[in-house]
Amino acid sequence: MNMKRRVFLKGTLASGAVAVAVGAGLLTSGQVLASWPESAFGNRPFNDALSNLHGSADLSDSDAIEIEAPDIAENGMVVPITIRTSLSNVESIDLLVAEGNSPLTSSYQMTPAVAGFISTRIKMGQSSDVVAVVKSGGKLHSARREVKVTVGGCGG
Amino acid sequence: MSTIRIRARVQGDVAEVRSLIRHPMETGLRKNKKTGNAIPAHFIKQVNCEHNGNKVMTANWSAAISTNPYLAFDIKGAKSGDTVKISWTDNEGKSDSAEVNVG
């Protein structure tokens, strides 16, 4: 009952916001089609973030995914992360911080024109495993790597 | 001046795209040290990347991406002179885009 009400409210608010944005001419139709996965971001458990994004949180460990990251990040405000995968037919790459309050940092939807490679810099509030999730052939593959953070970089 | 700096270099038949975007990427969790008031969240939600006018990647971001974001990716089947366009939209509805030729 309560859950349904939440979902209803969320749906109403989200579509309302998009309609307003389109009305104001802020978004082109292409940007609306590729909608931002509101329900996967924000403060929620790791598995909820994944299942809200992909409809499943079943991960299989993969040696074909490599995470390049510092073992010790002195400044949690800027932690460089590179994800490489040799898996074929990569549909998306997600970058999560397992113990983060908001685990999903970013999600990359790619066409076959892009190689299985992403590099960016993230904020980490505390030491945690960094998890790369690669969707390939409709399945979720993952790898993780621990990053120790000396000074956290989320609040202030 | 654009908020986006892009460098795209061809290596074999792959274009290595490296970009830097100027943006505060505020989480909404920080406080103004003088007033004690929370600084509102202000972050890029979506980055779209096009190769010769075709969308090749969409990045959905949260405020967990660092201030002045860096984004690198590789485009396959690219050659010198191709265009690479990157555009972003943030949670305040602001946006910007930039285009370069692959060198």
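About the thresholds
- Residues numbered from 1 in each chain as written.
- Chains lettered and ligands numbered in written order.
- Predicted model: local features only at pLDDT ≥ 70, side-chain atom pairs only at ≥ 80, totals over all residues.
- Heavy atoms only, no water.
- Helix = DSSP H or I, 4+ residues; strand = E, 2+ residues; numbered from the N terminus.
- Contact = heavy atoms within 4.5 Å.
- Areas by Shrake-Rupley, 256 points an atom, 1.4 Å probe, with all protein chains shown as cover.
- Pairing = 2+ DSSP bridges.
- Axes fitted to C-alpha atoms, helices over the stretch in contact; angles between N-to-C directions.
- Buried area = accessible area lost by both parts, 1.4 Å probe.
- Salt bridge = Lys/Arg side-chain N within 4 Å of Asp/Glu carboxyl O.
- Polar contact = N/O pair within 3.5 Å; in protein donor to acceptor, adjacent residues only side chain to side chain.
- Nonpolar A, V, L, I, M, F, W, Y, C, P; charged D, E, K, R; others polar.
- Buried < 20%, exposed > 50% of the residue type's maximum accessible area, 1.4 Å probe, protein only.

## With respect to the overall build of chain A
Within chain A, the regular secondary structure consists of 3 helices and 9 strands. Listing every helix and strand of chain A by position from the N terminus yields α-α-α-β-β-β-β-β-β-β-β-β. A fraction of 61% describes how many contacts in chain A between residues 6 or more apart in sequence connect residues 24 or more apart. As displayed, chain A has an accessible area near 8,200 Å², and 54% of this comes from carbon and sulfur atoms.

## Description of the sheet that holds strand β5 (residues 70-76) of chain B
Here we have 6 strands laid out as an open sheet, ordered β2(A)-β4(A)-β7(A)-β5(B)-β2(B)-β1(B), and antiparallel in their pairing. For this open sheet the edge positions go to β2 (65-68) of chain A together with β1 (4-11) of chain B, each flanked by a neighbour on one side alone. Neighbour-to-neighbour, the strand axes of the sheet open up by a mean angle of 15°, direction not taken into account. Pairing of β1(B) with strand β2 (residues 14-21) of chain B involves 8 bridges; the strand directions are antiparallel. Bridged to Arg7(B) within β2(B) is Arg18(B).

## Describing the interface of chain B and chain A
The interface is formed by 33 residues belonging to chain B together with 35 residues belonging to chain A. The junction of chain B with chain A conceals about 2,800 Å² of combined surface from both sides, 52% of it contributed by carbon and sulfur atoms. Together, Asn60(B), Ser66(B) and Tyr70(B) form the three largest contributors to the area buried by chain B at its contact with chain A, with a combined 20%. At the surface where chain B touches chain A, the tally comes to 0 salt bridges. Taken together, the connections running from chain B to chain A amount to 18 residue pairs in polar contact (both at pLDDT 80 or more). Broken down by secondary-structure element, the contributors of at least two residues to the side of chain B that touches chain A are β2, β3 (44-51), β4 (54-61) and β5 of chain B. Of the residues assigned to the side of chain B that touches chain A, the class counts are 16 nonpolar, 11 polar and 6 charged. Bridge count for strand β7 (residues 117-122) of chain A against β5(B) is 2 bridges, and the pairing is antiparallel. Each residue of the ladder has a partner; that of Ser119(A), found in β5(B), is Ala72(B).

## Points about unusual backbone geometry
All names here are of chain B. Of note, the phi angle at Met-25 is positive, near 50°, even though the residue is not glycine. By the element assignment, Met-25 lies in the loop between β2 and β3. Positive phi is not limited to glycine here, since Asn-68 has a value of about 55°. Looking at where Asn-68 falls in the secondary structure, it is placed in the loop between β4 and β5. Judged by its relative accessible area of 34%, Asn-68 is partly exposed.

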